[in-house]
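So the chains spell out like this:
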Amino acid sequence: MSSQPTSSDEGASVGEKRALPRRQAWIDLWAIAAGGIASFFLCYACDAWERFSAFVATVSAWDGWHLHELMILAMLSPAVAAVFVYRRLRELDALLRERESQFGSLQAAHETIVVSKSTLHDQAYHDRLTGLPNHHALVERLEAMITQPNAADGITAIVYFGVDNFKRVNDHFGLPTGDKLLQAAAERLAVVLRDVNTFIARPGGDKFVVILSALKQATDAEAVTARVLESLNKPFDLGASRVNSGASAGITIVEAGQQDATELLHDAEKAMYEAKGMGRGRFVVFDPDIRERLRRRARLARDLPLAVAREELSLAYQPIVSLSSGAMTGVEGLLRWRHGELGPIGPGEFIPLAEETDLILEIGAWVLEHGCRQLANWIARFPSSAPQVMSLNVSRKQFSQPDLSEQIGRVIREYALPPDRVQVEITEDAYLGDAQAALRIMRDIKAQGVKLAIDDFGAGSSTLAAVQQFPIDTLKVDRSLVTDAANSADSAAILHSLAVLVRNLNVKLVAEGIEDIEQVIALQELGCQYGQGYLFGRPMTPEAIEEMFAGSSLGLTASGASAFGNSWEHRLAAFQRLELEEATQAANGAR
Ligand code: C2E
Ligand code: MG
Ligand code: MG
């Protein structure tokens, strides 16, 4: 029997054949879907999505990646996914390039910031003029030193230096010269202190601060400061100008347990102002009394403007005598201030305060007016015995006033005084600096017929050139030279040369501060013609000095002086006899 397929068989097999590929396709589809879902979960299981997303997020922060869809697409249609990814990668590449260029400029900006930061630091901690550390740097350094003291550092001292007369240098020579002076001072500090353990700063203005560390003893700070001052007190050659301003200093020693850097600096600064008040060019070591003295100075500065109005000022008169005859040839008017509460205040204390402001001009005018009025009064009352010359001190600031000579002329005319009976005393600081301007003012004064004297010669850095250069009538030798005249060969030699020089120039030589007869004898031998000092009379009231007009000096009345005769040796013997008698009487009285 043959087995031929029947038509129904054929129909069944065709239907089966058609169902088979369809089933197959479904199985494939299910397999792909299952594979896709399996790989999707597999990726989940090993955090692949998160990592990839995180990576992309950090690179681009671009939220256009639909990663889940992309992965499904990649599984379903790799070609379309590849095109899609390619396009995304191109975009990403462009994005990265853009970021790179931004990063480049960011880097450049960063470098600029780094440079600016160091420049800013430099500006914040350094002084532009001298390149030295500034106030901030100084305080930080000091704070670090006192809060973390190092036992090996030894003693630490703070020295505050102030350039003297700095404002004057600026006024006279201009700000550029003032700047040069500060730079030159900074250089000198560095040179003098190069071998010493120091930190040098310029906290501002005309001030410098030096922290001296590793000192063996406190007095070492004084020795170092003296060396620095010696250097700063020498003249500075600044281009066309020669400036001789000098400096003063205040020292404070850092004690264990001191915590406040600013207070330490203030103490040193106060000591420096004390040094300036004592006549500049020197140093003072801080002590707590300085605070009290500064308080007094502040009080005097506050009250001084009222002194004229309250009639608290007066002039005391000190005789100037001929050393050969003992006769009074002139008087010097010396200013006095009797403060309502504090009592008498010496000119050494209040004139520098007045000089710090324009008050000295008002006070100076008062002195001229009162001195001339007193002379006129004496000439009227004592025509033959009134002092030949009234010498009045003129301060530097007053001297540089262009109308000084007119002012003097006006007062002289007002009191109808012979102009050559008035003498103006100036100190070297009046002509120090601009000698030509000083010469013009001196000529104007001389044109009024008034006499001119240089005061305190030999106290500072006086030069003989000044004596020849300026049209002066009198040279007053400072007490420091006179005191040594009898026992120092150097002082004697200087005085002798001066005496020879002035004789040739027809200038009078007056020795100031004569206190004993040995000095008179020595001065006479050296050729000095005139003298002033306690030996002949202290500064006194007009009434007291009037008693001396008719007689000789030595602080005695006319009758007393005549008893001494003319020789100074006789006078010395008589004077000593008198002193002995007075001492004996005093001793008897005390018993
Ligand atoms: P000066 O012009 O050199 O005056 C001389 C000073 O020496 C006076 O001090 C006087 O009292 C003092 N003296 C005089 N003989 C002796 C002595 O034998 N021994 C000692 N130890 N001292 C003696 P005083 O009156 O205290 O004046 C000090 C300075 O104040 C003056 O020095 C002068 O520079 C200034 N001064 C005084 N009055 C005026 C003024 O009216 N105007 C200005 N600008 N300055 C004045
Ligand atoms: Mg004087
Ligand atoms: Mg003097």
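Quick note: structure is the one above.
The notes below deal with the structure included here.

Rules used throughout
Residues numbered from 1 in each chain as written. Chains lettered and ligands numbered in written order. Predicted model: local features only at pLDDT ≥ 70, side-chain atom pairs only at ≥ 80, totals over all residues. Heavy atoms only, no water. Phe/Tyr/Trp six-rings, centres within 6.5 Å; stacked < 30°, edge-to-face > 60°. Helix = DSSP H or I, 4+ residues; strand = E, 2+ residues; numbered from the N terminus. Buried < 20%, exposed > 50% of the residue type's maximum accessible area, 1.4 Å probe, protein only. Donors = N, O, S within 2.8 Å, 3.2 Å for Na, K, Ca; no water. Near = heavy atom within 4 Å. Polar contact = N/O pair within 3.5 Å; in protein donor to acceptor, adjacent residues only side chain to side chain. Areas by Shrake-Rupley, 256 points an atom, 1.4 Å probe, with all protein chains shown as cover. Nonpolar A, V, L, I, M, F, W, Y, C, P; charged D, E, K, R; others polar. Salt bridge = Lys/Arg side-chain N within 4 Å of Asp/Glu carboxyl O. Patch = residues over 30% accessible without salt bridge, like charges linked within 9 Å, V, L, I, M, F, W, Y side chains within 5 Å. Lys, Arg positive; Asp, Glu negative; His and termini not counted. Charge placed at Lys NZ, Arg CZ, Asp CG, Glu CD. Pairing = 2+ DSSP bridges. Axes fitted to C-alpha atoms, helices over the stretch in contact; angles between N-to-C directions. Contact = heavy atoms within 4.5 Å. Core = buried A, V, L, I, M, F, W, Y, C linked by side-chain atoms within 4.5 Å.

Observations concerning the packing of aromatic side chains
Part 1: By the definition in use, this model includes five aromatic pairs.
Part 2: Between W337 and F350, the aromatic rings sit 5.5 Å apart at their centres with planes inclined by 80°, giving edge-to-face as the arrangement. Here W337 is found in strand β9 (residues 328-339), whereas its partner F350 is found in helix α11 (residues 347-355), with 13 residues between them in sequence. The same class applies to W337 and to F350, which are both buried.
Part 3: Taken together, a centroid distance of 5.1 Å and an interplanar angle of 90° make the contact between W378 and F549 edge-to-face.

Some words on the coordination of the magnesium ion (ligand 2)
Part 1: Taken together, E332 (OE), N393 (OD1), E425 (OE) and D455 (OD) make up the protein donors of the magnesium ion (ligand 2), found 2.0 to 2.3 Å from the metal.
Part 2: Along the chain, the residues that donate to the magnesium ion (ligand 2) are spaced as E-x60-N-x31-E-x29-D.
Part 3: A distance of 4.0 Å spans the gap from the magnesium ion (ligand 2) to the magnesium ion (ligand 3), which D455 bridges by coordinating each metal. With E425 in strand β12 (residues 422-426) and D455 in strand β13 (residues 451-457), this residue pair connects regions lying 30 residues apart in the sequence.
Part 4: Residue classification places D455 among the buried positions, given a relative accessible area of 7%.

Focus: the site of ligand 1
Part 1: Looking at ligand 1, there are 21 residues lining it, with E332, R336, D455, E515 and Y534 nearest.
Part 2: At 3.0 Å from an oxygen atom of ligand 1 is found a side-chain nitrogen or oxygen belonging to D456.
Part 3: E512 is positioned such that a nitrogen or oxygen atom in its side chain is 3.1 Å from an oxygen atom of ligand 1.
Part 4: For ligand 1, whose free accessible area comes to 790 Å², the fraction covered by protein is 81%.
Part 5: Elements that contribute at least two residues to the shell around ligand 1 include exactly β9, α11 and β13.
Part 6: Looking at the shell around ligand 1 element by element, the count peaks at four residues for β9.
Part 7: By residue class, the composition of the shell around ligand 1 is eight nonpolar, five polar and eight charged.

Some points on the pattern of salt bridges
Part 1: If you walk through the whole model with that rule in mind, you get 19 salt bridges.
Part 2: We note a salt bridge from K207 to D206, for which the minimum N-O separation is 2.8 Å. You'll find K207 and D206 in the same group, each marked buried.
Part 3: If you follow the salt bridges from partner to partner, you end up with E274, D287, R293 and R297 in one network.

With respect to a negative patch on the surface
Part 1: The grouping of E140, E143, D260 and E263 at the surface amounts to a negative patch.
Part 2: Examined against the element boundaries, E143 turns out to sit in helix α5 (residues 135-147).
Part 3: When its relative accessible area of 36% is taken as the criterion, E143 is described as partly exposed.

Focus on the sheet that holds strand β7 (residues 283-285)
Part 1: Spatially, β2-β3-β1-β6-β7 is the arrangement adopted by the five strands of the open sheet, whose pairing is mixed. Two strands in the sheet have a free side with no partner beyond their single neighbour: β2 (198-204) and β7. Along the sheet, successive strands turn relative to each other by an average axial angle of 20°, direction set aside.
Part 2: Relative to strand β3 (residues 207-215), β2 runs antiparallel, the two sharing five bridges. Looking across to β3, one finds that T198 is bridged to L212.
Part 3: Packing of helix α7 (residues 175-192) onto the sheet brings it into contact with β1 (155-163), β2 and β3, and relative to β3 it is tilted by some 5°.
Part 4: Sitting on the sheet, helix α8 (residues 218-232) is in contact with β1, β3, β6 (247-253) and β7, with an inclination near 165° to β6.

Some details on the pairing of β6
Along any regular strand the residues' side chains alternate between the sheet's two faces.
Part 1: Most of β6 is tucked away: seven of the seven residues are buried.
Part 2: Two strands pair when backbone bridges link them, and β1 and β6 are joined in this way by seven bridges, in the antiparallel orientation. Its bridge partner lying in β6, V159 is registered against I251.
Part 3: Note: β6 against β7, three bridges, orientation parallel. Paired with I251 across the two strands is V285, which belongs to β7.

Some words on the nonpolar core
Burial of nonpolar side chains together is a common tendency in soluble globular proteins.
Part 1: L304, F399, L475, I514, L523 and I545 are the most contacted members of the largest nonpolar core, which has 82 residues in total.
Part 2: Looking at which element gives the most residues to this core, the answer is helix α12 (residues 359-381), with 10 residues.
Part 3: When near neighbours in sequence (up to four residues on either side) are disregarded, L304 contacts W337, F350, L353, A354, L359 and I363.
Part 4: Among the nonpolar cores identified, the runner-up in size contains 33 residues, and A184, L215, A247 and I251 belong to it.

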